[in-house]
Amino acid sequence: MLRRSAVYESEPWGGAEGDNFYNAVLEFERQGTAEEFLQLLLNLETRLGRTREKPNAPRVCDLDLLLWGPEVVESSTLTVPHPRMMQRKFVLVPLCELIPDVLHPVTGQTMTELLALCTDPLAVWRVTSSTSSRS
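Right, let's walk through the structure included here.

Conventions adopted
Residues numbered from 1 in each chain as written. Predicted model: local features only at pLDDT ≥ 70, side-chain atom pairs only at ≥ 80, totals over all residues. Heavy atoms only, no water. Phe/Tyr/Trp six-rings, centres within 6.5 Å; stacked < 30°, edge-to-face > 60°. Helix = DSSP H or I, 4+ residues; strand = E, 2+ residues; numbered from the N terminus. Buried < 20%, exposed > 50% of the residue type's maximum accessible area, 1.4 Å probe, protein only. Pairing = 2+ DSSP bridges. Axes fitted to C-alpha atoms, helices over the stretch in contact; angles between N-to-C directions. Core = buried A, V, L, I, M, F, W, Y, C linked by side-chain atoms within 4.5 Å. Contact = heavy atoms within 4.5 Å. Salt bridge = Lys/Arg side-chain N within 4 Å of Asp/Glu carboxyl O.

**Some remarks on the packing of aromatic side chains**
Here comes step 1: This model, assessed by the stated rule, comprises 3 aromatic pairs.
Here comes step 2: Between Phe21 and Phe90 the ring centres are 5.8 Å apart and the planes differ by 90 degrees, which places this aromatic pair in the edge-to-face class. In this pair, Phe21 is assigned in strand β3 (residues 21–23) and Phe90 in helix α2 (residues 89–98), connecting sequence segments 69 residues apart.
Here comes step 3: According to the relative accessible area criterion, Phe21 is buried, its value standing at 16%.
Here comes step 4: Arranged with centres 5.8 Å apart and planes meeting at 45 degrees, the rings of Phe37 and Trp68 form a pair that is tilted. Of the two residues, Phe37 is situated in helix α1 (residues 34–47) and Trp68 in the loop between α1 and β5 (73–74); the sequence distance between them amounts to 31 residues.
Here comes step 5: On the accessibility criterion, Phe37 (17% relative accessible area) is buried.
Here comes step 6: A connected cluster of aromatic rings, assembled from ring pairs, spans Phe28, Phe37 and Trp68.

Rendered as structure tokens:
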């Protein structure tokens, strides 16, 4: 891992049941393909106890691949950039902490511009600090 954002708390998005969400963004050096990295994330979710009973069900963790550098990836199992990231403050706020001036590969807008345009009404607040150390 290169860097991580602070941890943020938000109300459940999209009518999900349960307690508030905790979110953070991690930045990694890229290795392999986006599909291989997604499989690593899915395996980690399973090891942490994630089950997929129904959409928006309460879950132990939810790991998403948001960006793959400046690339656009479209396959039967993966779409990157994440197709709904622009609709979710809980994604954009931590992204803006780490990469505020990075351009979205499809829209050409910065993460800061996307956050300013986001109509998500749910509050997002910081609960921990970030780190930029390599580990």
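**Focus on the sheet that holds β3**
Here comes step 1: The strand order β3-β2-β7 describes an open sheet built from 3 strands, whose pairing is antiparallel. Each edge of the sheet is formed by a strand with only one pairing partner; in this case those strands are β3 and β7 (124–126). Direction aside, the axes of adjacent strands within the sheet are offset by 30 degrees on average.
Here comes step 2: Strand direction decides the pairing type here: strand β2 (residues 8–10) and β3, joined by 3 bridges, are antiparallel. Bridging from a neighbouring strand, Tyr8 pairs with Asn23 of β3.

**Notes on the nonpolar core**
Here comes step 1: Leu66, Leu67, Met85, Val91, Leu95, Ile99 and Met111 are the most contacted members of the largest nonpolar core, which has 16 residues in total.
Here comes step 2: Counting residues per element, the ones that place at least two in this core are α2 and α3 (111–117).
Here comes step 3: Ranked by the residues each element gives to this core, the list is headed by α2, at 6 residues.
Here comes step 4: Filtering out sequence-adjacent residues up to four positions away, Met111 remains in contact with Leu67, Met85, Leu95, Cys96, Ile99, Pro100, Val102, Leu103 and His104.
Here comes step 5: Counting 9 residues, the second largest nonpolar core, distinct from the first, contains Phe37, Leu41, Leu65 and Leu78.

**What to know about the pattern of salt bridges**
Here comes step 1: All told, the structure shown has 3 salt bridges when counted by the stated rule.
Here comes step 2: As a salt-bridge pair, Glu71 and Arg30 come within 2.4 Å of each other at their nearest N and O atoms. Highlighted residues: Glu71 in the loop between α1 and β5 and Arg30 in the loop between β4 (26–27) and α1, separated in sequence by 41 residues.
Here comes step 3: Judged by relative accessible area, which is 34%, Glu71 ranks as partly exposed.

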